[in-house]
Amino acid sequence: MSFPGTRSSHPADRRFGRRDLLKTAGAAALTTALIPSTAGVARAKDAATVDAIIIGAGYAGGTVARELALKGLKPLVLEARNRIGGRIWTSTFAGAQVEVGGSWLGPQQTLIHKELNRYSLTTFEDVAAEQVILPGDQGFQSHAPADAYNSIGQLFGEFYAGSENYFERPHDPLYRSDLLASVDPLSLADRLGQLQLSPTELKWLNSETSVYSGGPSTRGALTGMAQWIQLSGGSYGTYSTTMSLRPTGGMTAALQAMFNESNADIRLNSPVKKVTEANGLVTVETAAGATFVSRVVVVATPANVWKNITFSPGLPAAHTQATTQGIGVPHATKMWVHVQGNVPATAAQAGEGSPILLMVPQQQLSDGRLFIAFTGPSLNVANAADVRAAVQQFLPGANVLRYQAMEWAKDPYTGGGWGLRRPNQLLQLFPHIEQPHGRIVFAGADIAKGWHGAFIEGAIESGFRAAGQAAALA
């Protein structure tokens, strides 16, 4: 895979790209367990027939592969990249293990914790903030973490008021569809406009909504984030714990174990260009001309890129809407920053339009501290001076030794970052989007019922559902 949006401010730092993947921590295991199968690839004139085909080697695809294998099937997995994981990508930066994609787990997310236990994997608590920087009337101000989170928590209690009713059963989001009819059309910006907020309070709330929307808060649905709040336990405090845990060995560790158990035939560097169903069979063609036939195909890629595959017959209305509108946020840039010196563990947020929307502390190294930053559309991550100035808004005088940024929207096999439903998508897409399209089944965090979009919990959930559907068709 090529990542044209990956930038480095230091000549010694290589870009996160195709030639480096097998040197990263997350991809190193692939050299033994997941060597691409390229010898004897079937061509169109002699298509290979397999038990089941899975398009995409992320957590949804990994769950499907293992579950089908447990039912006695031998799945074939076609992955466009030369690594597993999709929007999960464990790598290295500044000599430390880092997550280029999704980073965190929450204690409430039971499916992923069952997987970790299954494979004897553990978690550790991420670095806690020693100070919190928030926008104020006179620029950015430092707060004690307890004071900051208490104030933000009260505001979010008002922001999400009523969600305990319209998401009475958050794992069954349509249970109160009668109440959702009035709130699903609302964007996060619409909800902000309904509240009587001071300028500072608006900045505090908007600094959260803009991060998850990947920029303008007009994009994200109120019901998207409100469901996360209720799934986590119903408060800002409980929701904050969803960014508290990290798996030892990296976010891809459990996925690697899933694929190892499945013993699936995994073909890396195999982007799919066409899926055709006819006469009780599905034919899948790759960009390289390889052709495979099966009774069932599971599409386990982000919804944003379904439109890049030709489906015959064409996609149903819900799937067409999902891939045309997009679910993965269009601006999602995650940046790792190495700041020199003994720097306090600082968490910082800024309002919509700021170059950096959110910055969270990571481990202290011998020569400085690492930070994760999520940037706004206004920051040109190719410009080291601009990045340095953006970091110094929160940490005046900070010396940025190096940084690396991943612009997920520029990834052709993702087409965006974490998923967050748009206004009206919950009621317009569900439950149709979970149903098979003939012998084609869809999976992925974007279309999960529960922890949708930004969480591998949702990918696993949808993987279990898709595996059951696929097994019935195989």
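Because the structure is a prediction, the values reported are computed rather than measured.

Rules behind the numbers
Numbering of residues begins from 1 in every chain and follows the order in which that chain's sequence is written. Only residues with pLDDT of 70 or above have their local features reported here, since the model is predicted, and side-chain atom pairs are shown and tallied only from 80 upward, although totals for entire chains, interfaces and linings are computed over all residues. Computation of side-chain values covers all heavy atoms of the structure but excludes hydrogens and water. Strands are runs of DSSP state E lasting at least two residues, helices are runs of H or I lasting at least four, and both sets are numbered from the N terminus onward. Each residue is assigned to one of three classes by its accessible area relative to the maximum for its type, calculated with a 1.4 Å probe on protein chains only: buried under 20%, partly exposed between the two thresholds, exposed over 50%. Contacts between residues were defined by any pair of non-hydrogen atoms, one from each residue, lying within 4.5 Å. Methods summary: accessible areas were calculated by the Shrake-Rupley approach with a probe of 1.4 Å, and residue burial reflects only the protein chains presented. The sign given to each residue is positive for Lys and Arg and negative for Asp and Glu; His and the chain ends receive no count. For this purpose, a charge sits on NZ of Lys, CZ of Arg, CG of Asp or CD of Glu. At least two bridges found by DSSP between two strands are what make those strands a pair. To get an axis, a line is fitted to the C-alpha atoms, and for a helix only the part in contact is used. The angle between two axes follows their N-to-C directions and goes from 0 to 180 degrees. For Phe, Tyr and Trp, rings pair up if their centres lie within 6.5 Å, where Trp contributes its six-membered ring, and each pair is then called stacked (planes under 30 degrees apart), edge-to-face (over 60) or tilted (otherwise). In these notes the angle categories are as follows: under 35 degrees is roughly parallel, over 145 is roughly antiparallel, 65 to 115 is roughly perpendicular, and the rest is oblique. In this classification, the charged set is Asp, Glu, Lys and Arg, the nonpolar set is Ala, Val, Leu, Ile, Met, Phe, Trp, Tyr, Cys and Pro, and all remaining amino acids, among them Gly, are polar. Polar contacts here mean pairs of N or O atoms no more than 3.5 Å apart (in protein, one a potential hydrogen donor and the other a potential acceptor; neighbouring residues in sequence count only if both atoms are side-chain atoms).

**Quick notes on the overall build of the protein**
The secondary structure content of the protein amounts to 16 helices and 22 strands. Summarising its shape, the C-alpha atoms of the protein cover approximately 70 × 55 × 40 Å along the three principal directions. Across the 474 residues of the protein, 57% fall into the buried class. In the protein, the proportion of contacts linking residues at least 24 apart, taken out of those at least 6 apart, comes to 75%. Working note: accessible area of the protein is about 17500 Å², and carbon and sulfur atoms make up 51% of it. If you average the places of the 37 positive and of the 35 negative side-chain charges in the protein, the two averages end up 9 Å apart.

**Some details on the environment of Asp265**
With respect to the helices and strands, Asp265 occurs in strand S11 (residues 265–267). On a C-alpha basis, the gap between Asp265 and Gly193 in space is 51 Å, while along the polypeptide they are 72 residues apart.

**Section: the sheet that holds strand S22 (residues 440–442)**
Read from one edge to the other, the open sheet built from five strands follows the order S11-S4-S3-S15-S22, with strand pairing classed as parallel. Both edges of this open sheet fall to S11 and S22, since each of them pairs with a single strand only. Across the sheet, the mean angle separating the axes of adjacent strands is 20° when strand polarity is ignored. Of the strand pairs in this sheet, strand S3 (residues 52–55) and strand S15 (residues 297–299) are connected by three bridges, and their pairing is parallel. Looking across to S15, one finds that Ile53 is bridged to Val297. Together, S3, strand S4 (75–78) and S15 form the strand contacts of helix H3 (residues 59–70), whose direction differs from that of S3 by roughly 165°.

**Remarks on the pairing of strand S14 (residues 291–294)**
Residues of S14 alternate between two faces, with Thr291 and Val293 on one and Phe292 and Ser294 on the opposite face, all of them buried. Across two bridges, strand S2 (residues 48–49) lies against S14 in parallel orientation. Its bridge partner lying in S14, Ala48 is registered against Phe292. Summarising the sheet, strand S13 (residues 281–286) and S14 pair through four bridges and their orientation is antiparallel. Looking at the pairing, Thr283 lines up with Val293 of S14. Counted along the chain from S13 to the antiparallel partner S14, the turn is four residues long, and its residue Gly289 has a positive phi close to 100°.

**Considerations on the packing of aromatic side chains**
Summed over the entire model, instances satisfying the criterion amount to 14 aromatic pairs. Between the aromatic rings of Phe140 and Phe394, the centroid separation amounts to 5.2 Å while the plane-to-plane angle is 75°, which identifies the pairing as edge-to-face. Residue Phe140 is found in strand S9 (residues 139–143), and its partner Phe394 is found in helix H14 (residues 384–394); the two are separated by 254 residues along the sequence. What makes Phe140 partly exposed here is its relative accessible area of 31%. The class for Phe394 is buried, based on a relative accessible area of 3%. Three or more aromatic residues link up through ring pairs in this structure, and these residues are Tyr212, Trp228, Tyr239, Trp451 and Phe455.

**Structural notes on the packing of helix H5 (residues 145–159) against helix H9 (residues 199–213)**
Running from N to C, H5 and H9 point in directions that differ by 75°, and their axes come no closer than 10 Å. Comparing the axis directions of H5 and H9 gives the class roughly perpendicular. Together, Ser151, Ile152, Leu155, Phe156 and Phe159 of H5 and Glu201, Trp204, Leu205, Glu208 and Thr209 of H9 make up the contact between the two elements. A class-by-class count of the residues in the contact of H5 with H9 yields six nonpolar, two polar and two charged.

**Description of the pairing of strand S8 (residues 131–136)**
For S8, a buried count of five out of six residues is recorded, marking the element as mostly surrounded by other parts of the structure. The pairing of S8 with S9 spans five bridges and is classified as antiparallel. The partner of Gly136 across the bridge, within S9, is Gly139. Between S8 and S9, which follow one another and run antiparallel, lie two residues.

**Considerations on the environment of Gln108**
Relative to the elements of secondary structure, Gln108 occurs in the loop between strand S6 (96–99) and helix H4 (110–118). As a C-alpha pair, Gln108 and Ser240 span 132 residues in sequence and 11 Å in three-dimensional space. Setting aside chain neighbours within four positions, we find Gln108 in contact with Leu231, Ser232, Thr238, Thr241, Thr242 and Trp451. Among the polar contacts listed, one links the side chain of Gln108 to the backbone oxygen of Thr238, at a separation of 3.0 Å.

**Thoughts on the sheet that holds strand S16 (residues 310–312)**
Strand pairing within a sheet occurs via backbone hydrogen bonds; the two strands may be parallel or antiparallel. Here we have five strands laid out as an open sheet, ordered S2-S14-S13-S12-S16, and mixed in their pairing. In this open sheet, the two strands that pair with only one neighbour each are S2 and S16. Judged from the six bridges that link them, strand S12 (residues 272–278) and S13 form a sheet pairing that is antiparallel. Paired with Lys274 across the two strands is Glu285, which belongs to S13.

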